[in-house]
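# Inside the fold
Spelled out, the chains give:
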Amino acid sequence: MIALQALFHAIAQAKDEEALRSHIRAEMSEYFSATRCGLFFFAQISLLDSKFQKALQIALSPQHNPVARYLLEHHAPVHEALVVEPKTWRLICPRADHWHVMAGPIVSNGQLVGVVGFTRQQGMPTFNSQNLTDLSALCLHISTWVAMARCLRLATPTQHSLLLQTERLTPREMQIANLVAQGQTNAEISTELWITENSVKQALKRMFRKLEVSSRTQMVAKLSTISK
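It should be emphasised that the depicted structure is a prediction, and the values quoted were computed from it without experimental measurement. (Residues numbered from 1 in each chain as written. Predicted model: local features only at pLDDT ≥ 70, side-chain atom pairs only at ≥ 80, totals over all residues. Heavy atoms only, no water.)

Along its length, the protein carries eleven helices and four strands. Looking at the protein as a whole, 42% of its 228 residues qualify as buried. Summarising the internal contacts of the protein: among those between residues at least 6 apart in sequence, 56% fall at separations of at least 24. Only carbon and sulfur atoms are counted for the fraction: they give 55% of the accessible area of the protein, which is about 12700 Å². (Helix = DSSP H or I, 4+ residues; strand = E, 2+ residues; numbered from the N terminus. Buried < 20%, exposed > 50% of the residue type's maximum accessible area, 1.4 Å probe, protein only. Contact = heavy atoms within 4.5 Å. Areas by Shrake-Rupley, 256 points an atom, 1.4 Å probe, with all protein chains shown as cover.)

Okay, here's the thing in structure tokens:
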């Protein structure tokens, strides 16, 4: 069985969107015991075969698909049983290999830029709350990867070098860095993230080593340079 941490690592190591789709898709499908798994970036839909492009646009339409509507409105993972009755879902999507579906958001700059989707065929159990929790964690890592990839494409040589350092920061460490930049104390960060104050201190020590800085001020300054 694929471990969730292994998926996190695989996402971080992907070199481009195609690698992300091809290398991660099979592993995610196995992890969630899914019949099918797909990872779609909306910007790439126009490059697809016209027939498949039309089918995908209908499937992801908020007007047609309540799962897609929930993703657009909430930016949170969802499965069909959360938004419609089973009979209604059968009318919307009668395919036996899409008897159950689950989808999660890929977000960048506050916008939904892609979707991770899974299906299970007729006779298989529905996706559950633990599946949603795990998918939420995966979506956080994928969205972080997308943000870093975008910054790398736009970065100057100096910023590119700094970004290679920040790639080693975990999504949780990036959350802590953002809160530090907002001026929050360790105690305030621990309350915000529901972790102990000592956990915040230990995370900051690791972050300082990764970023090759020795203070909160230096860390914020380095991250600010990258974001410009």
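So, on to unusual backbone geometry. With phi around 50°, S33 is a residue other than glycine that occupies positive phi space. Mapped onto the elements of the fold, S33 is located in the loop between α2 (17-31) and β1 (36-41). Overall, S33 belongs to the partly exposed group, its relative accessible area being 43%.

All of the buried residues in helix α8 (residues 171-181) are P171, E173, I176, A177, L179 and V180. Where α8 terminates, the next one or two residues include G183, which has phi positive at roughly 90°.

In this section: the nonpolar core. Ranked by size, the top nonpolar core spans 28 residues in total, and within it L20, M28 and F118 carry the most contacts. Among the elements of the structure, α1 (4-13), α2, β1, β3 (100-108), β4 (111-120) and α6 (129-154) are those that each provide at least two residues to this core. Element by element, the count of residues in this core is highest for α6, at eight residues. Setting aside residues up to four positions removed in sequence, L20 forms contacts with I11, A14, R25, L39, F41, I142 and W145. (Core = buried A, V, L, I, M, F, W, Y, C linked by side-chain atoms within 4.5 Å.)

The next thing to look at is the pattern of salt bridges. Tallying each qualifying case throughout the model produces five salt bridges. For R21, the salt bridge is made with E18, and the minimal N-O distance between the two is 3.0 Å. Of this pair, R21 and E18 both sit in helix α2, three residues apart, which is roughly one turn of that helix. According to the relative accessible area criterion, E18 is partly exposed, its value standing at 47%. With a shortest N-O distance of 3.4 Å, E173 and R206 are connected by a salt bridge. Taken together, the positions of E173 in helix α8 and R206 in helix α10 (residues 197-211) put the pair 33 residues apart, joining distant regions of the chain. Look at E173 and you get buried, because its relative accessible area is 3%. (Salt bridge = Lys/Arg side-chain N within 4 Å of Asp/Glu carboxyl O.)

To continue, consider the packing of aromatic side chains. For any pair of aromatic rings, the description rests on two quantities: the centre-to-centre distance and the angle between the ring planes. This structure, assessed with the given rule, holds two aromatic pairs. Ring centres of Y31 and F32 lie 5.0 Å apart, and the angle between their planes is 85°; on these two criteria the pair is classed as edge-to-face. A ring pair is formed by F32 and F118, whose centres lie 4.8 Å apart and whose planes are at 55°; its orientation type is tilted. Residue F32 is found in the loop between α2 and β1, and its partner F118 is found in strand β4; the two are separated by 86 residues along the sequence. We classify F32 as buried; its relative accessible area is 1%. What makes F118 buried here is its relative accessible area of 1%. (Phe/Tyr/Trp six-rings, centres within 6.5 Å; stacked < 30°, edge-to-face > 60°.)

Between helix α9 (residues 186-193) and α10, the least distance of the axes is 8 Å, while the angle of their chain directions is 110°. Here α9 is positioned roughly perpendicular relative to α10, judged by the angle of their axes. The segment α9 lies against α10, with N186, A187, I189 and S190 engaging E197, V200, K201 and L204. Here the contact of α9 with α10 is built from residues that sort into four nonpolar, two polar and two charged. (Axes fitted to C-alpha atoms, helices over the stretch in contact; angles between N-to-C directions. Parallel < 35°, antiparallel > 145°, perpendicular 65-115°, else oblique. Nonpolar A, V, L, I, M, F, W, Y, C, P; charged D, E, K, R; others polar.)

Each turn of an α-helix holds 3.6 residues, which means side chains three or four residues apart point in the same direction. The terminal C-alpha atoms of α10 lie 21 Å apart, and with 15 residues this matches the ideal 21 Å at 1.5 Å per residue to within 8%. Turning to α10, its buried residues number three or more, namely V200, A203, L204, M207, F208 and L211. Along the axis of α10, the buried residues cluster in a sector spanning 140°; they form a single face. (Expected span 1.5 Å × (residues − 1). Arc of directions from axis to C-beta.)

By themselves these figures say nothing about function.
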